[in-house]
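Residue-level structural notes
Residue-level listing of the chains:
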Amino acid sequence: MPGTPGEPDATADLAGFRPRIPAAEWNDWRWHMRKRINTTEKARQWVHLTPDEEKAIAGSAGKYRWSITPYYASLMDPDDPACPVRLQAVPALGELTEFPGAEVDPVGDMHYRRTNRVVHKYPDRVIMLITEACPVYCRHCTRKFHTTDVTGTYFRDDEGGSFDEDLRYIADHPEIRDVLLTGGDPLSYQDGKLEEIVSGLRAIPSVEIIRIGSRFPVLLPQRITDGLCEMLARHHPVWFNTHFNHPKEITAESAAAVDRLLRHGIPVGNQTVLLRGINDDVTTMRTLMTELLRIRVRPYYLYHCDNVTGVSHFMTSVEKGWEIMEGLQGHITGFGVPQYVLTTRIGKIPVAQPYFTPTPDGLLLRNYRGQEMVVDAAAHPITEPDAP
(Lines give C-alpha, C1' and ligand atoms only; values in the text may rest on other atoms or scores of the structure.)
Protein backbone atom coordinates (compact mmCIF):
# COMPACT_ATOMS: atom_id res chain seq x y z
CA MET A 1 0.00 0.00 0.00
CA PRO A 2 1.50 3.39 -0.90
CA GLY A 3 2.56 5.46 2.06
CA THR A 4 2.50 2.51 4.44
CA PRO A 5 2.18 3.83 8.01
CA GLY A 6 4.96 3.26 10.47
CA GLU A 7 7.95 4.98 8.86
CA PRO A 8 9.20 7.96 10.90
CA ASP A 9 7.99 10.85 8.73
CA ALA A 10 5.63 9.02 6.40
CA THR A 11 2.02 9.87 5.73
CA ALA A 12 -0.76 7.48 4.86
CA ASP A 13 -1.92 8.29 1.31
CA LEU A 14 -4.88 5.96 1.17
CA ALA A 15 -6.26 5.44 -2.35
CA GLY A 16 -5.62 8.93 -3.61
CA PHE A 17 -8.78 10.77 -2.67
CA ARG A 18 -8.70 9.63 0.95
CA PRO A 19 -7.28 11.74 3.79
CA ARG A 20 -3.52 12.09 4.15
CA ILE A 21 -2.71 11.21 7.74
CA PRO A 22 0.58 11.83 9.57
CA ALA A 23 2.26 8.63 10.72
CA ALA A 24 2.28 9.75 14.36
CA GLU A 25 -1.51 9.89 14.31
CA TRP A 26 -1.92 6.76 12.20
CA ASN A 27 0.11 4.70 14.67
CA ASP A 28 -1.92 5.94 17.67
CA TRP A 29 -4.92 3.71 18.34
CA ARG A 30 -6.63 6.42 20.33
CA TRP A 31 -6.56 8.68 17.26
CA HIS A 32 -8.37 5.99 15.26
CA MET A 33 -11.00 5.63 17.98
CA ARG A 34 -11.59 9.38 18.01
CA LYS A 35 -11.74 9.55 14.21
CA ARG A 36 -14.07 6.62 13.60
CA ILE A 37 -16.23 6.89 10.52
CA ASN A 38 -19.89 7.00 11.51
CA THR A 39 -21.59 9.37 9.07
CA THR A 40 -22.25 9.31 5.35
CA GLU A 41 -20.05 12.36 4.91
CA LYS A 42 -17.08 10.72 6.63
CA ALA A 43 -17.59 7.46 4.73
CA ARG A 44 -17.46 9.29 1.42
CA GLN A 45 -13.86 10.23 2.22
CA TRP A 46 -12.93 6.55 2.05
CA VAL A 47 -15.31 4.84 -0.39
CA HIS A 48 -17.69 5.72 -3.19
CA LEU A 49 -20.94 4.84 -1.43
CA THR A 50 -23.66 3.23 -3.54
CA PRO A 51 -27.28 4.45 -3.31
CA ASP A 52 -28.16 1.22 -1.45
CA GLU A 53 -25.39 1.78 1.07
CA GLU A 54 -26.61 5.31 1.68
CA LYS A 55 -30.17 4.03 2.16
CA ALA A 56 -28.92 1.41 4.61
CA ILE A 57 -26.94 3.97 6.60
CA ALA A 58 -30.02 6.18 6.83
CA GLY A 59 -32.23 3.21 7.74
CA SER A 60 -29.85 2.12 10.48
CA ALA A 61 -30.19 5.42 12.31
CA GLY A 62 -31.72 4.75 15.72
CA LYS A 63 -31.69 1.00 15.04
CA TYR A 64 -28.08 -0.23 14.67
CA ARG A 65 -24.90 1.58 15.55
CA TRP A 66 -22.13 1.67 13.00
CA SER A 67 -18.57 2.93 12.99
CA ILE A 68 -15.38 2.07 11.14
CA THR A 69 -11.82 2.81 12.18
CA PRO A 70 -9.70 4.65 9.59
CA TYR A 71 -7.33 1.66 9.63
CA TYR A 72 -10.07 -0.81 8.69
CA ALA A 73 -11.49 1.65 6.18
CA SER A 74 -8.08 1.73 4.51
CA LEU A 75 -8.52 -1.97 3.66
CA MET A 76 -11.81 -1.38 1.83
CA ASP A 77 -11.93 -1.20 -1.96
CA PRO A 78 -13.35 2.29 -2.58
CA ASP A 79 -14.97 1.28 -5.87
CA ASP A 80 -16.26 -2.22 -5.13
CA PRO A 81 -19.35 -2.54 -2.88
CA ALA A 82 -18.74 -6.32 -2.82
CA CYS A 83 -15.33 -5.85 -1.17
CA PRO A 84 -15.20 -8.42 1.67
CA VAL A 85 -13.96 -5.82 4.16
CA ARG A 86 -16.55 -3.28 3.11
CA LEU A 87 -19.37 -5.83 3.43
CA GLN A 88 -18.38 -6.42 7.07
CA ALA A 89 -18.27 -2.74 7.98
CA VAL A 90 -20.75 -0.66 5.94
CA PRO A 91 -24.48 -1.07 6.69
CA ALA A 92 -26.48 -2.96 4.04
CA LEU A 93 -30.18 -3.12 3.25
CA GLY A 94 -30.21 -6.79 4.27
CA GLU A 95 -29.92 -5.66 7.89
CA LEU A 96 -33.31 -3.99 7.61
CA THR A 97 -35.05 -7.01 6.05
CA GLU A 98 -37.02 -9.54 8.10
CA PHE A 99 -35.95 -13.17 7.69
CA PRO A 100 -37.93 -16.24 8.83
CA GLY A 101 -36.81 -17.54 12.22
CA ALA A 102 -34.45 -14.67 12.96
CA GLU A 103 -33.99 -13.90 16.66
CA VAL A 104 -32.27 -11.21 18.66
CA ASP A 105 -30.47 -13.76 20.88
CA PRO A 106 -30.48 -17.19 19.19
CA VAL A 107 -27.46 -18.41 21.19
CA GLY A 108 -29.21 -17.89 24.52
CA ASP A 109 -26.85 -15.46 26.23
CA MET A 110 -29.71 -13.82 28.09
CA HIS A 111 -31.15 -17.19 29.13
CA TYR A 112 -27.88 -18.06 30.87
CA ARG A 113 -27.15 -14.60 32.26
CA ARG A 114 -26.48 -14.76 36.00
CA THR A 115 -25.48 -11.12 36.55
CA ASN A 116 -25.67 -8.21 34.16
CA ARG A 117 -22.36 -9.29 32.66
CA VAL A 118 -21.81 -12.97 33.51
CA VAL A 119 -23.23 -15.64 31.19
CA HIS A 120 -22.85 -19.15 32.64
CA LYS A 121 -23.75 -21.71 29.96
CA TYR A 122 -21.06 -24.39 30.45
CA PRO A 123 -20.14 -26.12 33.72
CA ASP A 124 -16.56 -24.87 34.15
CA ARG A 125 -16.50 -21.56 32.27
CA VAL A 126 -18.32 -18.29 31.83
CA ILE A 127 -18.22 -15.25 29.63
CA MET A 128 -18.21 -11.70 30.92
CA LEU A 129 -19.82 -9.13 28.62
CA ILE A 130 -17.73 -6.29 29.95
CA THR A 131 -18.61 -3.60 27.40
CA GLU A 132 -20.83 -2.81 24.43
CA ALA A 133 -18.18 -0.69 22.73
CA CYS A 134 -16.33 -1.85 19.61
CA PRO A 135 -13.90 -0.09 17.29
CA VAL A 136 -15.96 -1.31 14.33
CA TYR A 137 -19.53 -2.56 14.69
CA CYS A 138 -19.30 -5.65 12.50
CA ARG A 139 -22.47 -6.04 10.48
CA HIS A 140 -22.54 -9.80 11.13
CA CYS A 141 -22.22 -9.66 14.93
CA THR A 142 -24.01 -12.45 16.82
CA ARG A 143 -24.60 -10.02 19.68
CA LYS A 144 -26.09 -7.37 17.45
CA PHE A 145 -28.33 -6.36 20.36
CA HIS A 146 -25.23 -4.61 21.72
CA THR A 147 -25.49 -2.21 18.80
CA THR A 148 -29.23 -1.55 18.99
CA ASP A 149 -31.49 0.70 20.99
CA VAL A 150 -33.09 -2.33 22.66
CA THR A 151 -33.49 -1.70 26.38
CA GLY A 152 -34.65 -3.64 29.39
CA THR A 153 -34.07 -7.38 29.02
CA TYR A 154 -30.72 -7.26 27.28
CA PHE A 155 -27.31 -6.39 28.65
CA ARG A 156 -26.62 -2.69 28.80
CA ASP A 157 -23.31 -1.05 29.45
CA ASP A 158 -22.77 0.35 32.90
CA GLU A 159 -19.91 2.68 32.03
CA GLY A 160 -17.71 3.26 35.02
CA GLY A 161 -19.81 0.88 37.07
CA SER A 162 -18.58 -1.70 39.54
CA PHE A 163 -17.71 -5.27 38.54
CA ASP A 164 -18.07 -6.45 42.14
CA GLU A 165 -21.31 -8.38 41.56
CA ASP A 166 -19.81 -10.23 38.58
CA LEU A 167 -16.57 -11.11 40.36
CA ARG A 168 -18.50 -12.20 43.43
CA TYR A 169 -20.62 -14.60 41.34
CA ILE A 170 -17.49 -16.18 39.87
CA ALA A 171 -15.82 -16.44 43.27
CA ASP A 172 -18.96 -18.04 44.72
CA HIS A 173 -18.88 -20.75 42.03
CA PRO A 174 -15.50 -22.50 42.36
CA GLU A 175 -16.38 -24.83 39.49
CA ILE A 176 -15.63 -21.86 37.18
CA ARG A 177 -12.01 -22.23 36.11
CA ASP A 178 -12.09 -20.37 32.77
CA VAL A 179 -13.37 -16.84 32.12
CA LEU A 180 -13.71 -15.26 28.68
CA LEU A 181 -13.83 -11.46 28.55
CA THR A 182 -15.90 -10.34 25.59
CA GLY A 183 -18.66 -7.89 24.78
CA GLY A 184 -18.40 -5.67 22.69
CA ASP A 185 -14.63 -5.63 22.60
CA PRO A 186 -12.74 -5.69 25.92
CA LEU A 187 -9.80 -3.77 24.46
CA SER A 188 -12.05 -0.76 24.00
CA TYR A 189 -11.12 -0.05 27.61
CA GLN A 190 -7.89 1.72 28.46
CA ASP A 191 -5.18 -0.58 29.87
CA GLY A 192 -5.76 0.55 33.46
CA LYS A 193 -9.47 -0.25 33.51
CA LEU A 194 -8.91 -3.56 31.73
CA GLU A 195 -6.26 -4.52 34.28
CA GLU A 196 -8.70 -3.83 37.11
CA ILE A 197 -10.98 -6.49 35.68
CA VAL A 198 -8.21 -8.97 34.84
CA SER A 199 -6.54 -8.60 38.25
CA GLY A 200 -9.91 -9.01 39.94
CA LEU A 201 -10.32 -12.35 38.17
CA ARG A 202 -6.75 -13.42 38.90
CA ALA A 203 -7.38 -12.85 42.62
CA ILE A 204 -10.03 -15.61 42.55
CA PRO A 205 -8.21 -18.88 43.37
CA SER A 206 -10.51 -21.09 41.27
CA VAL A 207 -9.99 -19.08 38.06
CA GLU A 208 -7.18 -20.82 36.18
CA ILE A 209 -7.50 -19.36 32.68
CA ILE A 210 -8.41 -15.86 31.50
CA ARG A 211 -9.29 -15.44 27.84
CA ILE A 212 -9.66 -12.23 25.85
CA GLY A 213 -12.00 -12.21 22.86
CA SER A 214 -11.06 -9.24 20.70
CA ARG A 215 -11.16 -8.19 17.07
CA PHE A 216 -8.70 -5.33 17.59
CA PRO A 217 -5.84 -7.21 15.82
CA VAL A 218 -8.05 -7.14 12.73
CA LEU A 219 -9.88 -3.82 13.07
CA LEU A 220 -7.23 -1.67 14.76
CA PRO A 221 -3.95 -3.55 15.33
CA GLN A 222 -2.28 -0.39 16.66
CA ARG A 223 -4.17 -1.13 19.89
CA ILE A 224 -1.93 -4.14 20.57
CA THR A 225 0.88 -2.20 22.20
CA ASP A 226 3.82 -3.53 24.16
CA GLY A 227 2.27 -1.90 27.23
CA LEU A 228 -0.98 -3.81 26.78
CA CYS A 229 0.87 -7.08 26.23
CA GLU A 230 3.08 -6.53 29.26
CA MET A 231 0.00 -5.88 31.38
CA LEU A 232 -1.74 -9.05 30.21
CA ALA A 233 1.44 -11.08 30.69
CA ARG A 234 1.46 -10.13 34.37
CA HIS A 235 -1.69 -12.21 34.78
CA HIS A 236 -0.80 -15.42 32.96
CA PRO A 237 -2.13 -17.80 31.85
CA VAL A 238 -3.90 -15.47 29.41
CA TRP A 239 -5.20 -16.67 26.04
CA PHE A 240 -6.32 -14.49 23.15
CA ASN A 241 -8.92 -15.27 20.49
CA THR A 242 -9.40 -12.97 17.54
CA HIS A 243 -11.59 -12.95 14.44
CA PHE A 244 -10.12 -12.82 10.92
CA ASN A 245 -12.75 -13.56 8.27
CA HIS A 246 -10.88 -12.89 5.03
CA PRO A 247 -7.26 -12.99 3.83
CA LYS A 248 -7.47 -9.28 2.96
CA GLU A 249 -7.55 -8.57 6.71
CA ILE A 250 -4.12 -10.12 7.24
CA THR A 251 -1.74 -7.19 6.84
CA ALA A 252 1.73 -6.26 8.01
CA GLU A 253 0.12 -4.32 10.87
CA SER A 254 -2.10 -7.19 11.99
CA ALA A 255 0.79 -9.65 11.76
CA ALA A 256 2.90 -7.33 13.94
CA ALA A 257 0.10 -7.12 16.51
CA VAL A 258 -0.11 -10.91 16.68
CA ASP A 259 3.66 -11.14 17.01
CA ARG A 260 3.62 -8.76 19.99
CA LEU A 261 1.07 -10.95 21.76
CA LEU A 262 3.03 -14.10 21.06
CA ARG A 263 6.33 -12.60 22.21
CA HIS A 264 4.66 -11.94 25.55
CA GLY A 265 3.61 -15.57 25.88
CA ILE A 266 -0.03 -15.04 24.88
CA PRO A 267 -1.31 -17.75 22.50
CA VAL A 268 -3.55 -16.46 19.70
CA GLY A 269 -6.43 -18.40 18.18
CA ASN A 270 -8.94 -17.41 15.53
CA GLN A 271 -12.70 -17.76 15.24
CA THR A 272 -13.98 -17.25 11.69
CA VAL A 273 -17.65 -16.84 10.79
CA LEU A 274 -18.86 -18.38 7.53
CA LEU A 275 -20.33 -15.40 5.68
CA ARG A 276 -22.20 -15.33 2.37
CA GLY A 277 -20.35 -13.30 -0.24
CA ILE A 278 -17.27 -12.87 1.95
CA ASN A 279 -15.61 -16.23 2.58
CA ASP A 280 -18.12 -18.87 1.44
CA ASP A 281 -15.84 -20.60 -1.05
CA VAL A 282 -13.07 -23.14 -0.60
CA THR A 283 -10.30 -21.05 -2.16
CA THR A 284 -10.87 -18.05 0.10
CA MET A 285 -11.19 -20.15 3.24
CA ARG A 286 -8.15 -22.26 2.45
CA THR A 287 -6.10 -19.11 1.82
CA LEU A 288 -7.33 -17.58 5.07
CA MET A 289 -6.37 -20.61 7.14
CA THR A 290 -2.91 -20.98 5.60
CA GLU A 291 -2.24 -17.24 5.97
CA LEU A 292 -3.28 -17.44 9.62
CA LEU A 293 -0.76 -20.21 10.17
CA ARG A 294 1.89 -18.10 8.47
CA ILE A 295 1.44 -15.38 11.11
CA ARG A 296 1.24 -18.08 13.84
CA VAL A 297 -2.48 -17.80 14.59
CA ARG A 298 -4.16 -21.14 15.28
CA PRO A 299 -7.53 -21.60 13.52
CA TYR A 300 -10.00 -22.55 16.26
CA TYR A 301 -13.64 -22.39 15.15
CA LEU A 302 -15.48 -21.90 11.89
CA TYR A 303 -18.86 -20.64 13.05
CA HIS A 304 -21.96 -21.18 10.99
CA CYS A 305 -23.53 -17.72 10.78
CA ASP A 306 -26.39 -17.46 13.26
CA ASN A 307 -29.89 -16.44 12.21
CA VAL A 308 -29.65 -13.19 14.15
CA THR A 309 -32.04 -10.32 13.55
CA GLY A 310 -30.21 -7.93 11.24
CA VAL A 311 -27.58 -10.53 10.29
CA SER A 312 -29.51 -13.25 8.45
CA HIS A 313 -28.53 -12.02 4.98
CA PHE A 314 -25.00 -13.32 5.69
CA MET A 315 -26.17 -16.89 6.33
CA THR A 316 -25.16 -19.78 4.10
CA SER A 317 -26.46 -23.34 4.11
CA VAL A 318 -24.89 -25.97 6.34
CA GLU A 319 -24.21 -27.88 3.13
CA LYS A 320 -21.99 -24.99 2.02
CA GLY A 321 -20.11 -25.28 5.30
CA TRP A 322 -19.60 -28.99 4.71
CA GLU A 323 -18.27 -28.28 1.23
CA ILE A 324 -15.73 -25.86 2.64
CA MET A 325 -14.65 -28.22 5.40
CA GLU A 326 -14.17 -30.96 2.79
CA GLY A 327 -11.92 -28.53 0.93
CA LEU A 328 -9.80 -27.97 4.05
CA GLN A 329 -9.52 -31.46 5.52
CA GLY A 330 -6.47 -33.18 4.06
CA HIS A 331 -5.55 -30.22 1.89
CA ILE A 332 -3.84 -28.17 4.61
CA THR A 333 -2.00 -29.19 7.76
CA GLY A 334 -4.27 -30.70 10.40
CA PHE A 335 -3.94 -27.97 13.02
CA GLY A 336 -4.94 -25.44 10.35
CA VAL A 337 -8.41 -26.97 10.05
CA PRO A 338 -10.92 -25.29 12.38
CA GLN A 339 -13.87 -27.04 13.98
CA TYR A 340 -17.11 -26.23 12.16
CA VAL A 341 -19.79 -25.49 14.75
CA LEU A 342 -23.34 -24.24 15.02
CA THR A 343 -23.95 -22.13 18.13
CA THR A 344 -27.28 -22.82 19.82
CA ARG A 345 -28.99 -22.39 23.17
CA ILE A 346 -27.68 -25.82 24.15
CA GLY A 347 -24.10 -24.95 23.26
CA LYS A 348 -21.69 -25.14 20.34
CA ILE A 349 -22.58 -28.18 18.24
CA PRO A 350 -19.98 -29.66 15.83
CA VAL A 351 -21.70 -30.09 12.45
CA ALA A 352 -18.89 -31.40 10.25
CA GLN A 353 -19.72 -34.42 8.12
CA PRO A 354 -18.49 -37.71 9.63
CA TYR A 355 -15.62 -39.55 8.00
CA PHE A 356 -16.82 -42.93 9.26
CA THR A 357 -19.96 -45.08 9.18
CA PRO A 358 -20.54 -48.03 11.54
CA THR A 359 -21.26 -51.28 9.66
CA PRO A 360 -21.59 -54.92 10.79
CA ASP A 361 -18.07 -55.53 9.48
CA GLY A 362 -16.50 -52.57 11.25
CA LEU A 363 -15.97 -48.91 10.55
CA LEU A 364 -16.33 -47.74 6.97
CA LEU A 365 -13.76 -44.93 6.74
CA ARG A 366 -13.59 -42.20 4.09
CA ASN A 367 -10.64 -39.87 3.49
CA TYR A 368 -10.59 -36.36 2.04
CA ARG A 369 -10.25 -37.76 -1.50
CA GLY A 370 -13.37 -39.87 -1.13
CA GLN A 371 -11.39 -43.14 -0.88
CA GLU A 372 -12.95 -45.71 1.44
CA MET A 373 -11.82 -48.69 3.49
CA VAL A 374 -13.31 -50.86 6.22
CA VAL A 375 -11.49 -51.23 9.53
CA ASP A 376 -12.04 -54.69 10.99
CA ALA A 377 -14.60 -54.74 13.79
CA ALA A 378 -12.55 -57.17 15.88
CA ALA A 379 -9.49 -54.94 15.84
CA HIS A 380 -11.43 -51.69 16.24
CA PRO A 381 -14.76 -52.51 17.91
CA ILE A 382 -17.50 -49.91 17.68
CA THR A 383 -18.85 -50.75 21.14
CA GLU A 384 -17.00 -51.68 24.31
CA PRO A 385 -16.12 -55.40 24.06
CA ASP A 386 -16.91 -57.83 26.84
CA ALA A 387 -14.08 -58.47 29.26
CA PRO A 388 -12.13 -61.70 28.48
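Basis of the calculations
Residues numbered from 1 in each chain as written. Predicted model: local features only at pLDDT ≥ 70, side-chain atom pairs only at ≥ 80, totals over all residues. Heavy atoms only, no water. Pairing = 2+ DSSP bridges. Helix = DSSP H or I, 4+ residues; strand = E, 2+ residues; numbered from the N terminus. Axes fitted to C-alpha atoms, helices over the stretch in contact; angles between N-to-C directions. Contact = heavy atoms within 4.5 Å. UniProt positions renumbered as here; feature names shortened; annotations may be inferred. Buried < 20%, exposed > 50% of the residue type's maximum accessible area, 1.4 Å probe, protein only. Phe/Tyr/Trp six-rings, centres within 6.5 Å; stacked < 30°, edge-to-face > 60°. Lys NZ or Arg CZ within 6 Å of the ring centre and 35° of its normal. Salt bridge = Lys/Arg side-chain N within 4 Å of Asp/Glu carboxyl O. Expected span 1.5 Å × (residues − 1). Arc of directions from axis to C-beta. Core = buried A, V, L, I, M, F, W, Y, C linked by side-chain atoms within 4.5 Å. Domains from an automatic or database assignment. Polar contact = N/O pair within 3.5 Å; in protein donor to acceptor, adjacent residues only side chain to side chain. Parallel < 35°, antiparallel > 145°, perpendicular 65-115°, else oblique. Left-handed = near helix turned anticlockwise from the far one by under 90°. Nonpolar A, V, L, I, M, F, W, Y, C, P; charged D, E, K, R; others polar.

The name an unreviewed UniProt entry gives the chain is Lysine 2,3-aminomutase, with Streptomyces netropsis as the organism.

1. Comments concerning the sheet that holds strand E6 (residues 209-213)
Read from one edge of the open sheet, nine strands run E3-E4-E5-E6-E7-E8-E9-E10-E11, paired in mixed fashion. Edge positions in the open sheet fall to strand E3 (118-122) and strand E11 (347-350), since each of these has one partner strand only. Going across the sheet, the axis of each strand differs from the next one's by a mean of 30°, ignoring polarity. Where strand E10 (residues 339-344) meets E11, four bridges bridge the pair, whose relative direction is antiparallel. Bridging from a neighbouring strand, Leu-342 pairs with Ile-349 of E11. Contacts from helix H7 (residues 164-171) reach E3, strand E4 (125-129) and strand E5 (178-182), with the element oriented near 25° to E3.

2. Details of the UniProt feature "binding site: [4Fe-4S] cluster" (unreviewed entry) in the chain
In this structure's numbering, the residues bearing the UniProt feature "binding site: [4Fe-4S] cluster" (unreviewed entry) are Cys-134, Cys-138 and Cys-141. Locating Cys-138 in the fold gives a position in the loop between E4 and H7. By relative accessible area, Cys-138 is classed as buried at 12%. You can call Cys-141 partly exposed: its relative accessible area is 27%. Residue contacts for Cys-141: discarding those within four places in its chain leaves Val-308 and Val-311.

3. Looking at the UniProt feature "modified residue: N6-(pyridoxal phosphate)lysine" (unreviewed entry) in the chain
The sites that carry the UniProt feature "modified residue: N6-(pyridoxal phosphate)lysine" (unreviewed entry) are, in the present numbering, Lys-348. With respect to the element layout, Lys-348 can be found in strand E11. Its relative accessible area of 29% is what places Lys-348 among the partly exposed residues.

4. A word on the packing of aromatic side chains
By convention here, two paired aromatic rings are described through the distance between centres and the angle between planes. What the rule picks out here adds up to five aromatic pairs. Relative to Trp-31, the ring of Trp-26 has its centre 6.5 Å away and its plane inclined at 50°; by these criteria the two rings are tilted. Of the two residues examined, Trp-26 and Trp-31, each falls in the buried class. Connected via pairs of aromatic rings, a cluster forms that spans Trp-26, Trp-31 and Tyr-71. Taking the ring centre of Tyr-122 as reference, the NZ or CZ of Arg-125 above it sits at 4.2 Å.

5. Observations regarding the pattern of salt bridges
Scanning the entire structure with this criterion turns up 22 salt bridges. With its nearest N and O atoms 2.8 Å apart, the salt bridge here joins Glu-95 to Arg-139. On the criterion of sequence distance, the pair formed by Glu-95 in the loop between helix H6 (84-89) and E3 and Arg-139 in the loop between E4 and H7 is long-range, its members being 44 residues apart. Residue classification places Glu-95 among the buried residues on the basis of a relative accessible area of 2%. The salt bridge involving Arg-234 is made with Glu-195; its shortest N-O contact spans 3.0 Å. Taken together, the positions of Arg-234 in the loop between helix H10 (226-233) and strand E7 (238-242) and Glu-195 in helix H8 (residues 191-202) put the pair 39 residues apart, joining distant regions of the chain. In this structure Arg-234 comes out as exposed when scored by relative accessible area, which is 54%. Relative accessible area serves as the criterion here: at 22%, Glu-195 is assigned to the partly exposed category.

6. Quick notes on the environment of Tyr-301
In this structure, Tyr-301 sits in strand E9 (residues 298-304). Classification of Tyr-301 as buried rests on a relative accessible area of 12%. Considering only alpha carbons, one finds Tyr-301 and Val-273, 28 residues apart in sequence, at a separation of 8.1 Å. Contact partners of Tyr-301, with chain neighbours within four places excluded, come to Asn-270, Gln-271, Thr-272, Pro-338, Gln-339, Val-341 and Lys-348.

7. A look at helix H11 (residues 252-263)
In a regular helix each residue adds 1.5 Å, so 12 residues correspond to 16 Å; H11 covers 16 Å between its end C-alpha atoms and thus fits that length. Turning to H11, its buried residues are Glu-253, Ser-254, Ala-257, Val-258, Arg-260 and Leu-261. With its buried residues spanning 155° around the axis, H11 presents them on a single face. When the buried face of H11 is taken as reference, the exposed residues oriented beyond 90 degrees from it are Ala-252 and Arg-263. For H11, the elements touching its buried residues are helix H1 (23-26), helix H5 (70-73), helix H9 (216-219), H10, E7 and strand E8 (268-274). Immediately downstream of H11, the backbone of Gly-265 shows phi near 75°, a positive value.

8. Side note on the nonpolar core
In this structure, Ile-68, Met-128, Ile-170 and Leu-181 are the most contacted members of the largest nonpolar core, which totals 79 residues. At five residues, the largest contribution of residues to this core is made by helix H12 (residues 282-294). Each of two domains, domain 1 (28-92) and domain 2 (109-350), supplies a minimum of three residues to this core. Residues contacting Met-128, with those up to four places away along its chain left out, are Arg-117, Val-118, Phe-163, Asp-166, Ile-170, Val-179, Leu-180, Leu-181, Thr-182, Ile-197 and Leu-201.

9. Focus on the side chain of Asp-166
Looking at the secondary structure, you find Asp-166 in helix H7. Separated by 2.5 Å, the side chains of Asp-166 and Thr-115 make a polar contact. Once residues lying within four places of it in the same chain are set aside, the contact partners of Asp-166 are Thr-115, Asn-116, Arg-117, Val-118 and Met-128.

10. Focus on the packing of H12 against helix H13 (residues 318-328)
Direction vectors running N to C along H12 and H13 enclose 50°, while the axes themselves pass 9 Å from each other. By the angle class used here, H12 and H13 are oblique. The handedness of the crossing between H12 and H13 comes out as right-handed. Taking contact as the criterion, the partners of Val-282, Met-285, Arg-286 and Met-289 in H12 are, on H13, Glu-323, Ile-324, Gly-327 and Leu-328. Broken down by class, the residue content of the contact of H12 with H13 amounts to five nonpolar, one polar and two charged.

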